Amino acid sequence: MSQMRLDKLLSELGVASRKELRDIIRRGRVRVDGAVVTAPEQKVDAERSEVSLDGEVIRWQRFRYFMMDKPEGVLSVTEDRRQQTVLDLLPEELRRLGLFPVGRLDKDTSGLLLLTNDGDFAHRVISPKSGVEKRYRAEVEGVPDERDVRAFERGIVLADGTECLPAKLETTGESVCFVTVMEGKYHQVKRMLAACGKPVVHLRRLSVGALTLDESLAPGGVRELSQEDLCKVLSDFAIGN
Ligand code: URA
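Residues numbered from 1 in each chain as written. Predicted model: local features only at pLDDT ≥ 70, side-chain atom pairs only at ≥ 80, totals over all residues. Heavy atoms only, no water.

Structural notes on the overall build of the protein chain
Condition: Elements are defined by DSSP. Helices are runs of H or I of four residues or more, strands are runs of E of two residues or more, and each kind is numbered from the N terminus. Note on classification: 1.4 Å probe, protein chains only; a residue is buried when its accessible area is under 20% of the maximum for its type, exposed when over 50%, partly exposed between these limits. Here, two residues are considered to be in contact whenever any of their heavy atoms come within 4.5 Å of each other. For accessible areas, the Shrake-Rupley method is used with a probe of radius 1.4 Å. Any residue's cover is judged against the shown protein chains and nothing else. Neither His nor the chain termini are counted; the positive set is Lys and Arg, and the negative set is Asp and Glu. Charge placement uses NZ in Lys and CZ in Arg. For Asp and Glu, CG and CD serve respectively.
Along its length, the protein chain carries six helices and 15 strands. The dimensions of the protein chain, computed from C-alpha atoms along their principal axes, are 70 × 35 × 30 Å. With 241 residues in all, the protein chain has 46% of them scored as buried. Sequence-distant contacts, at least 24 apart, represent 62% of the contacts inside the protein chain between residues at least 6 apart. Total accessible area on the protein chain is roughly 12,800 Å²; 46% of this is exposed by carbon and sulfur atoms. When the 38 basic and 40 acidic side-chain charges of the protein chain are each reduced to a single mean position, those positions are 4 Å apart.

Okay, here's the thing in structure tokens:
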């Protein structure tokens, strides 16, 4: 990695905006390899220098990983000319990280959405070959029953003939059910339930792998994932892979 301006490096790490950082640095709050640096334009080696803010070391991270509680009514794409996207919901300092959603949730689906700038991670989470389970809570018309459970176990054939992998349907005796799938075909959960005559009214993703949605997040809220969280998504995952 080439040398980079100190204010640019800290802004790319999501510490604060470039403007705020210029002030923070000039006030002497940032040290590079133990020495106070007051020039925002000072060049530093992002990977080798130890940079700290108010005494706390800021780790250089090439890749970043977050979970969002995606609200209904927002697109899970990186940009759209007319409609609000999940990236529009991020705090300003995180918008510079080059994050994108890991797979898609429909506009009217809420719940756990992973955001990262690590393409390999995203690919592995999405690929059915990785076997990462995605679990949803669905409110439907009608009451899913044992026949539906068995149809899911066999593998639902969608209205257009598309064959789905075997999946899990948990019923509650009411019009709420839980669906676990390993693939992410277009509108898959809605189409699977529709194929059983149980159209979806509301859909919310609860987990990806063993990582569950942090229900303390406000709608649209984000939190960074720890190494432990990431291993719940992909058990063999290590940051820096
Ligand atoms: N399946 C759907 O039908 N919609 C989603 O948003 C996710 C899975």
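Remarks on the pairing of strand β9 (residues 109-116)
Put simply, the test is: When DSSP finds at least two bridges between two strands, those strands are taken to pair.
Where burial is concerned, most of β9 is hidden: eight out of the eight residues are buried. Pairing of strand β7 (residues 65-70) with β9, which is carried by six bridges, proceeds in the antiparallel orientation. Its bridge partner lying in β9, Asp69 is registered against Leu112. Bridging between strand β8 (residues 100-101) and β9 involves two bridges; their strand directions are antiparallel. Within β9, the residue paired with Phe100 across the bridge is Thr116.

Focus: the domain arrangement of the protein chain
Interfaces are often sized by the amount of accessible area the parts lose when they come together. Here is the rule: Domain extents, as shown, originate in an automatic or database domain assignment.
You can read the domains of the protein chain as domain 1 (4-58), domain 2 (62-131 + 218-241) and domain 3 (133-208). The C-alpha centroid of domain 3 is placed 49 Å from the C-alpha centroid of domain 1.

What about helix α5 (residues 188-195)?
Buried within α5 are the following residues: Gln188, Val189, Lys190, Met192 and Leu193. Elements in contact with the buried residues of α5: β9, β10 (134-140), α4 (146-154), β11 (168-171), β12 (176-181) and β13 (200-208).

Some thoughts on unusual backbone geometry
Phi is positive for Asp33, which is not a glycine, with a value near 50 degrees. Exposure remark for Asp33: the relative accessible area of 51% places this residue in the exposed category.

Here we look at the site of the ligand
Using the following cut-off: A cutoff of 4 Å decides nearness: a residue is near a molecule or strand if any of its heavy atoms lies inside that distance of it. Definition of a polar contact: a pair of N or O atoms within 3.5 Å, with one able to donate and the other able to accept a hydrogen when the atoms are protein atoms, and with sequence-neighbouring residues admitted only if both atoms are side-chain atoms. In this classification, the charged set is Asp, Glu, Lys and Arg, the nonpolar set is Ala, Val, Leu, Ile, Met, Phe, Trp, Tyr, Cys and Pro, and all remaining amino acids, among them Gly, are polar.
In the region of the ligand, the neighbouring residues are Leu105, Asp106, Thr109, Tyr136, His187, Gln188, Val189, Lys190 and Leu203. In this structure, an oxygen atom belonging to the ligand sits 3.4 Å away from a main-chain N or O atom of Gln188. In the model, a nitrogen atom of the ligand is placed 3.1 Å from a nitrogen or oxygen of the Val189 main chain. About the coverage of the ligand: the protein hides 94% of its 240 Å² of free accessible area. For the shell around the ligand, the leading source of residues is α5, giving three residues. The residue makeup of the shell around the ligand, split by class, is four nonpolar, three polar and two charged. Lining the shell around the ligand are residues from two domains, each supplying at least three of them: domain 2 (62-131 + 218-241) and domain 3 (133-208).

Considering the pattern of salt bridges
To keep it simple, the criterion reads: For this document, the term salt bridge refers to a Lys or Arg side-chain nitrogen within 4 Å of an Asp or Glu carboxyl oxygen.
A complete count under the given rule lists 22 salt bridges for this structure. Linking Asp7 and Arg22 is a salt bridge whose minimum nitrogen-to-oxygen distance equals 3.9 Å. Of this pair, Asp7 sits in helix α1 (residues 6-12) while Arg22 sits in helix α2 (residues 18-26), and the two are 15 residues apart along the sequence. In this structure Arg22 comes out as partly exposed when scored by relative accessible area, which is 30%. Ionic pairing is found between Arg223 and Asp229, a salt bridge with its closest N-O pair at 2.9 Å. If you follow the salt bridges from partner to partner, you end up with Arg5, Asp7, Arg18 and Arg22 in one network.

A word on helix α3 (residues 119-126)
Because an α-helix completes one turn every 3.6 residues, residues spaced three or four positions apart along the sequence face the same direction. What counts here: To obtain the arc, one takes the directions from the helix axis to the C-beta atoms.
Looking at α3, one finds that the buried residues are Phe121, Ala122 and Val125. Projected down its long axis, α3 carries its buried residues within an arc of 100 degrees, all on one side. When the buried face of α3 is taken as reference, the exposed residues oriented beyond 90 degrees from it are Asp120 and His123. One side-chain oxygen at the N-terminal end of α3 lies 3.2 Å from the backbone nitrogen of Asp120; it belongs to Asp118.

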